[in-house]
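Descriptive structure summary
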Amino acid sequence: MAVPEAQILYSPSPDDDLQLVAIDVGNYAAVVKLKVAESQESFVANNAVSIVQGHYHPGAWFRAAYLNGEAIGFVMLFDPRGVDPVGDDPGETGWEDGLVIWRLMIGREHQGQGLGRRLMEKVIALARTNGFERLYLTFVDAEGGPEPFYLQCGFARTGRVIDGEVEAVLELA
């Protein structure tokens, strides 16, 4: 039995061409088909694994990113409020005061168009709207990794390493 999804409030603007869409029987195949560039494969889990994790981890909230009706990316967040962590979810890392970006990706054919930045801006706005003071994430610290992107988005290293990945935080207050 799937666990309840996190209680993240999201009200898309009908005028926004970039939407976060619930994943269901009608669109999961399009989301699973999205792949990052080959050079990025070691930095993010594939979407099929993420969707399964999202269904079985309390506090997970995941959506497909759609641009003008086409699946172009994926985001999975972890809301630690009121959650007893299970398995390999990010709940045991001391992030009780913030929302966690568990996964974020843009499909390779849609990269280089500023869509990753737009998706991150949407996630940041979502965190603020839902009353979070901080937005956390971790990343693999390796050449070609996502750190430059995260730094451009305003994240800063905290000095912690969690499960071999570098922790970064964005202060939202």
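Residues numbered from 1 in each chain as written. Predicted model: local features only at pLDDT ≥ 70, side-chain atom pairs only at ≥ 80, totals over all residues. Heavy atoms only, no water.

**Section: the nonpolar core**
Membership of the largest hydrophobic core comes to 31 residues, with the highest contact counts inside it found for L77, I101, M120, L135, L137 and F155. If one sorts the elements of this core by residue count, helix 3 (residues 115-129) sits on top with 7 residues. By size, the runner-up hydrophobic cluster in this structure holds 22 residues, among which are V31, A60, Y66 and M76. (Core = buried A, V, L, I, M, F, W, Y, C linked by side-chain atoms within 4.5 Å. Buried < 20%, exposed > 50% of the residue type's maximum accessible area, 1.4 Å probe, protein only. Helix = DSSP H or I, 4+ residues; strand = E, 2+ residues; numbered from the N terminus.)

**Here's the deal with the environment of H110**
Take H110: it is sitting in the loop between strand 4 (98-106) and helix 3. H110 sits in the buried class, given a relative accessible area of 9%. Taking the C-alpha atoms as reference points, H110 and E70, separated by 40 residues in sequence, lie 10 Å from one another. Sequence-distant contacts of H110, that is, excluding residues within four places in its chain, are made with E70, A71, I72 and L115. Here E70 takes part through its side chain, which lies 3.5 Å from a polar atom of the side chain of H110. (Contact = heavy atoms within 4.5 Å. Polar contact = N/O pair within 3.5 Å; in protein donor to acceptor, adjacent residues only side chain to side chain.)

**A look at unusual backbone geometry**
Outside of glycine, negative phi angles account for most residues, and trans bonds account for most peptide bonds. Positive phi outside glycine occurs at N68, with the angle close to 50°. Take N68: it is sitting in the loop between strand 2 (60-67) and strand 3 (70-78). Although it is not a glycine, D163 adopts a positive phi angle of roughly 50°. D163 gets classed as exposed once you look at its relative accessible area, which sits at 79%.

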